[in-house]
Amino acid sequence: MERKSRTVTPRRRIAHLDMDAFFASVELLRYPQLKGLPVVIGGGRRKVDEMLVERYAGRPLSEVPPQAFPLLKDYVGRGVITTATYPARQFGVGSAMGMMKAAKLCPQAIVLPVDFDEVRRYSRTFKSVIREIAPLVEDRGVDEVYIDFTEVPGGQREGGRVLARLIQKSIFEATGLTCSIGVAPNKLIAKMASEFDKPNGISVVFEDDIQTRIWPLPVRKINGIGPKAEAKLHRLHIRTIGEMAAQDVDWLVGNFGRSTGAWMHDAAWGRDDRPVVTESEPVSMSRETTFDRDLHAVRDRAELGAIFTELCQKVAADLQRKGYVGKTIGIKLRYDDFRIATRDQTIEGFTADPRTIRQVAGQCLKRVPLKQPLRLLGVRVGKLAREGDAAAAPPAAPAPATAHRAAEPIADLFGPA
Ligand code: DCP
Ligand code: MG
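### Side note on the overall build of the protein
Consideration 1: Regarding its fold elements, the protein presents 14 helices and 12 strands.
Consideration 2: Taking 2.2 N^0.38 as the reference for a compact globule, 417 residues should give roughly 22 Å; the C-alpha atoms of the protein span a radius of gyration of 24 Å, in line with that estimate.
Consideration 3: Each principal axis of the C-alpha atoms in the protein carries an extent, and together these give about 85 × 65 × 45 Å.
Consideration 4: A burial count over the protein gives 34% of its 417 residues as buried.
Consideration 5: Once local pairs closer than 6 in sequence are excluded, the contacts in the protein between residues at least 24 apart make up 69%.

What follows is the structure in structure tokens.
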């Protein structure tokens, strides 16, 4: 009798898990009486609980009647919505929409602020629940992870659906929160699949499903195709992933360059070999602030300068606290008409020094138009390395003087570095 010594390599099965309406769902744990109602998260500081506690002294928060909560229609200010519950989304309200605009669509929505500490706590909890079931977990931010199902017991059953169900159930039991999971041959497809059946859904996609389930989707659904690439693809009359897949790789390379073009071709065909990386390192750290009123670079120079310096100090403190240094320093502005401008500059060595960051960020600022009032200012440090790993590198040289200095008076706008 012939003995088969063939070892079967299991099919690669990668899951992407994303929590449902995460910040809002965390609030509903505190206020279960709001379940099923439109709720949006956004706006200012956490005064709500104190207000409710005061008014309903002696009663637990879960017994405060829904009528007592602040409503979107009474909101005055410049906040944007961070997220919305699914009942609120039915009114067309969602992430990044201005609150006053959202109030027109759903005036009766309840408004609650974010509780970052609570959100972080639940984030840690749901991730540790997953790690106990499947050890290969890649952290992708506060509410999403990739999980390698390939070698996990049950990870192959029904293409991963059985394990996905177990994880969903375990997270719900530990936290009361729901999530959606996509399981696919790789990260790229899994990320798309987790959205297919939101909220509280599971979608399993196989290689053979790519033509039917992935190709009809708009190109923007590919993680990595942003608004600029999308606009260019549209100009080239490519709207769906299938239309992208139908292009010759050389044509894509001709239009988007060697690496992006080749990547686009692979992505459209559902090819992606990226491993699930357990210890994910931050790519950048940033701080930004939306002003209470629009500020003008000349008239409000002192105020802007102080805010700018403080942002740099905060980013530097974040880096130092977490043990990182960075090489690319950038700024972000949002003008009163909501347009965004970003600039960055890469320096010689790594830094976490607030003065160096301030100086380089100040030079970036000189490269953006500043005639228009500003709503928001942000500072980012990217190309990060662990402080120890970067020790061998030369220290950050003071930023070189810019060649195009002080072409316009607003160049010095936010005061000296
Ligand atoms: N978030 C944010 N700023 C944004 C987008 C999101 O602070 N521009 C926060 C709020 C979200 C959380 O991150 O609750 C997760 O983002 P998601 O995009 O996953 O959105 P949700 O989890 O809220 O909703 P969904 O059910 O669509 O995943
Ligand atoms: Mg989410």
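That shown, we press on.
### Overview of helix 1 (residues 22–30)
Consideration 1: Among all positions of helix 1, only Phe22, Phe23, Ala24, Ser25, Val26 and Glu27 are buried.
Consideration 2: For helix 1, the secondary structure elements touched by its buried residues are strand 1 (14–19), strand 2 (39–42), strand 3 (81–84), strand 4 (110–112) and helix 5 (116–133).

### Here's the deal with the nonpolar core
Consideration 1: In this structure, Ala15, Val40, Ala109, Ile147 and Val183 are the most contacted members of the largest nonpolar core, which totals 69 residues.
Consideration 2: Contacts of isoleucine 147, omitting those with residues within four sequence positions, involve Ala15, Leu17, Ile130, Ala134, Leu136, Val137 and Val276.
Consideration 3: Judged by nonpolar contacts, the second largest core, of 28 residues, contains Ala316, Ala352, Val360 and Leu384.

### Concerning the sheet that holds strand 12 (residues 374–386)
Consideration 1: Pairing is antiparallel in the open sheet, where 4 strands are placed in the order 9-12-10-11. Pairing within the sheet leaves two strands with one partner each, and these edge strands are strand 9 (284–295) and strand 11 (340–351). Between one strand and the next, the sheet's axes are offset by a mean angle of 15 degrees, whatever the strand orientation.
Consideration 2: Pairing geometry for strand 9 and strand 12, over 8 bridges, is antiparallel. Each residue of the ladder has a partner; that of serine 286, found in strand 12, is arginine 380.
Consideration 3: Against the sheet, helix 13 (residues 301–322) makes contact with strand 9, strand 10 (324–335) and strand 12, and its axis sits at roughly 160 degrees relative to strand 9, the strand it touches most.

### Structural notes on the site of ligand 1
Consideration 1: Around ligand 1, the structure places 14 residues, and the nearest of them are Asp20, Phe22, Phe23, Thr83 and Asp143.
Consideration 2: Going through the elements one at a time, strand 1, helix 1 and strand 3 are the ones with two or more residues in the shell around ligand 1.
Consideration 3: Grouping the constituent residues of the shell around ligand 1 by class yields 7 nonpolar, 3 polar and 4 charged.
Consideration 4: Counting residues domain by domain, the shell around ligand 1 receives three or more from each of domain 1 (14–18 + 118–210) and domain 2 (22–114).

### Observations regarding the sheet that holds strand 3
Consideration 1: With respect to topology, 3 strands assemble into an open sheet ordered 3-2-4, the strand pairing being mixed. If you trace the sheet from one side to the other, it starts and ends with strand 3 and strand 4, each paired once. On average, each strand axis in the sheet is inclined to that of its neighbour by 30 degrees, with strand direction left out of account.
Consideration 2: Alignment of strand 2 against strand 4, held across 3 bridges, turns out to be parallel. Considered in strand 4, the bridge of valine 39 is made with isoleucine 110.

### Some thoughts on the environment of cysteine 106
Consideration 1: Positionally, cysteine 106 belongs in the loop between helix 4 (99–105) and strand 4.
Consideration 2: Judged by the 21 C-beta atoms lying within 10 Å of it, cysteine 106 falls in the buried class.
Consideration 3: Leave out the neighbours within four places in its chain, and cysteine 106 touches Pro38, Leu72, Ala88, Phe91 and Val93.

### Details of the confidence of the model for the protein
Low pLDDT marks regions whose predicted coordinates should not be analysed in detail.
Consideration 1: Model confidence for the protein is summarised by a mean pLDDT of 90, while 91% of its residues fall at 70 or above.
Consideration 2: Taken as a whole, residues 397–413 scores under 50 in pLDDT and shows 23 contacts with residues more than four places along the chain or in a different chain.

How each quantity is defined
Residue positions are counted from 1 within each chain, in the order its sequence is given. Chain labels run from A onward and ligand labels from 1 onward, assigned in the order the entries are written. Whole-chain, interface and lining totals are the exception, using all residues; otherwise, since this is a predicted model, local features are given only for residues with pLDDT of at least 70 and side-chain atom pairs are given and counted only at 80 or more. Secondary structure is summarised from DSSP: a helix means a run of H or I of at least four residues, a strand means a run of E of at least two, and numbering begins at the N terminus for each. The reference for a compact globule is 2.2 Å times residues^0.38; the radius of gyration itself is calculated from the C-alpha atoms. To assign burial, the other C-beta atoms lying within 10 Å of each residue's own C-beta are counted, with C-beta atoms placed from the backbone; 20 or more indicates buried, 12 or fewer indicates exposed, and intermediate counts indicate partly exposed. Contacts here follow a simple rule: the backbone-placed C-beta atoms of the two residues must lie within 7 Å. Buried Ala, Val, Leu, Ile, Met, Phe, Trp, Tyr and Cys residues whose C-beta atoms connect them within 7 Å together make up a nonpolar core. Here, any two strands with at least 2 DSSP bridges between them count as paired. Orientation is described by axes fitted as lines to C-alpha atoms, over the contacting stretch for helices, and by angles from 0 to 180 degrees between their N-to-C directions. Nearness here has a simple definition: the residue's C-beta atom, placed using the backbone, must lie within 6 Å of the molecule or strand. Throughout, the ten residues Ala, Val, Leu, Ile, Met, Phe, Trp, Tyr, Cys and Pro are labelled nonpolar, Asp, Glu, Lys and Arg are labelled charged, and all others, Gly among them, are labelled polar. What marks off one domain from the next here is an automatic or database domain assignment. Think of pLDDT as the predictor's per-residue confidence, scored from 0 to 100.

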